[in-house]
Amino acid sequence: MCAIHGSAKTNVCDIASHLGMSPANVYRFFPSKLALYDALVARVLEDTFPATPSSSDKKSGAATLREFMCGLHRGFLALMRDEEKLFELLTVADDEHWPAFEAHVTRMRSIVAELVDAGVRAREFRQQDSLRAAECLCTSVAALWEPKAIKTFHLRRSLITPEELISFSVEALRNGALPC
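Anyway, here's the lowdown on the structure attached to this text. (Residues numbered from 1 in each chain as written. Predicted model: local features only at pLDDT ≥ 70, side-chain atom pairs only at ≥ 80, totals over all residues. Heavy atoms only, no water.)

## Things to note about the overall build of the protein chain
Looking only at helices and strands, the protein chain has nine helices and two strands in total. Put simply, the protein chain runs from its N terminus to its C terminus through helices and strands in the order β-β-α-α-α-α-α-α-α-α-α. Residue burial in the protein chain is summarised as follows: out of 180 residues, 39% are buried. Across the protein chain, every contact between residues at least 6 apart in sequence was considered, and the portion connecting residues at least 24 apart equals 68%. Surface exposure of the protein chain reaches about 10300 Å², of which carbon and sulfur atoms provide 55%. (Helix = DSSP H or I, 4+ residues; strand = E, 2+ residues; numbered from the N terminus. Buried < 20%, exposed > 50% of the residue type's maximum accessible area, 1.4 Å probe, protein only. Contact = heavy atoms within 4.5 Å. Areas by Shrake-Rupley, 256 points an atom, 1.4 Å probe, with all protein chains shown as cover.)

## A few points about the layout of surface pockets
Empty space within the second largest pocket amounts to approximately 280 Å³. Around the second largest pocket, the lining is made up of 16 residues, and of these Val105, Cys138, Ala142, Trp145 and Glu146 lie nearest the centre. Residue assignment for the lining of the second largest pocket shows that the elements contributing at least two residues are helix 4 (61-82), helix 6 (99-121) and helix 7 (130-140). For the lining of the second largest pocket, the element with the most residues is helix 6, which contributes six residues. Tallied by class, residues from the lining of the second largest pocket come to eight nonpolar, three polar and five charged. (1 Å grid on protein atoms, 1.4 Å probe; cavity = no way out; pocket = protein on both sides within 12 Å on 5 of 7 lines; lining within 4 Å. Points joined across faces, edges and corners; volume = space filled by probe spheres on them. Nonpolar A, V, L, I, M, F, W, Y, C, P; charged D, E, K, R; others polar.)

## Considerations on unusual backbone geometry
For His97, which is not glycine, the phi dihedral falls at a positive 55 degrees. Looking at the secondary structure, you find His97 in the loop between helix 5 (84-95) and helix 6. For His97, a relative accessible area of 54% gives the class exposed. Phi angles above zero are rare outside glycine, and Arg123 is one such case at about 65 degrees. Checked against the element boundaries, Arg123 lands in the loop between helix 6 and helix 7.

## Describing helix 9 (residues 162-171)
Those residues of helix 9 lying buried are Pro162, Leu165, Ile166, Ser169 and Val170. Angular distribution of buried residues about the axis of helix 9 spans 130 degrees; they occupy a single face of the element. (Arc of directions from axis to C-beta.)

## Quick look at the pattern of salt bridges
For the structure shown, the criterion picks out eight salt bridges. Note that Arg81 is salt-bridged to Asp82, the shortest N-O span being 2.9 Å. Overall, Arg81 belongs to the exposed group, its relative accessible area being 59%. Relative accessible area serves as the criterion here: at 49%, Asp82 is assigned to the partly exposed category. Connected via shared salt-bridge partners are Arg66, Glu124, Glu171 and Arg174. (Salt bridge = Lys/Arg side-chain N within 4 Å of Asp/Glu carboxyl O.)

## Focus: the packing of aromatic side chains
Throughout the structure, instances matching the rule amount to one aromatic pair. Residues Phe49 and Phe76 carry aromatic rings whose centres are separated by 4.6 Å and whose planes lie at 35 degrees to one another, so their mutual orientation is tilted. Of this pair, Phe49 sits in the loop between helix 3 (33-48) and helix 4 while Phe76 sits in helix 4, and the two are 27 residues apart along the sequence. When its relative accessible area of 2% is taken as the criterion, Phe49 is described as buried. (Phe/Tyr/Trp six-rings, centres within 6.5 Å; stacked < 30°, edge-to-face > 60°.)

Have a look at this one:
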């Protein structure tokens, strides 16, 4: 067994077995355990979270944005509930700013920026810098999808639901809201 900073334990032999190769062969493709774990994190994030939101011409920009953000939250909840070791690995990757997790954050922020921009073009949201608005929006709901924060959010007795937090944050994009 190899430990990642004492929290997430993963057996390279299990990974090699899953890939149908020997542990020694795994290290031919990955220069270090960290590179192997980072690749695993990248795969989990790519498989779990959509590269683009499912959009419908009938849905408003706000509805599409809320649906996308709720989907991110549900994905992290499912990992936390069903894949405890992978979730611990994601927590380490987030805490230590591993390249795969940072790429995921950038990708999600870009998708949110595209959705904000679509809402601006449709005049559903006020004119604004979509990337800055996406950063504000993502930061305001970070407790719903940052691995360390999501545990805390669900342990305390909050007066709001995740959907209410997302809706509140999305409403800030509409006309009349203060700029970020």
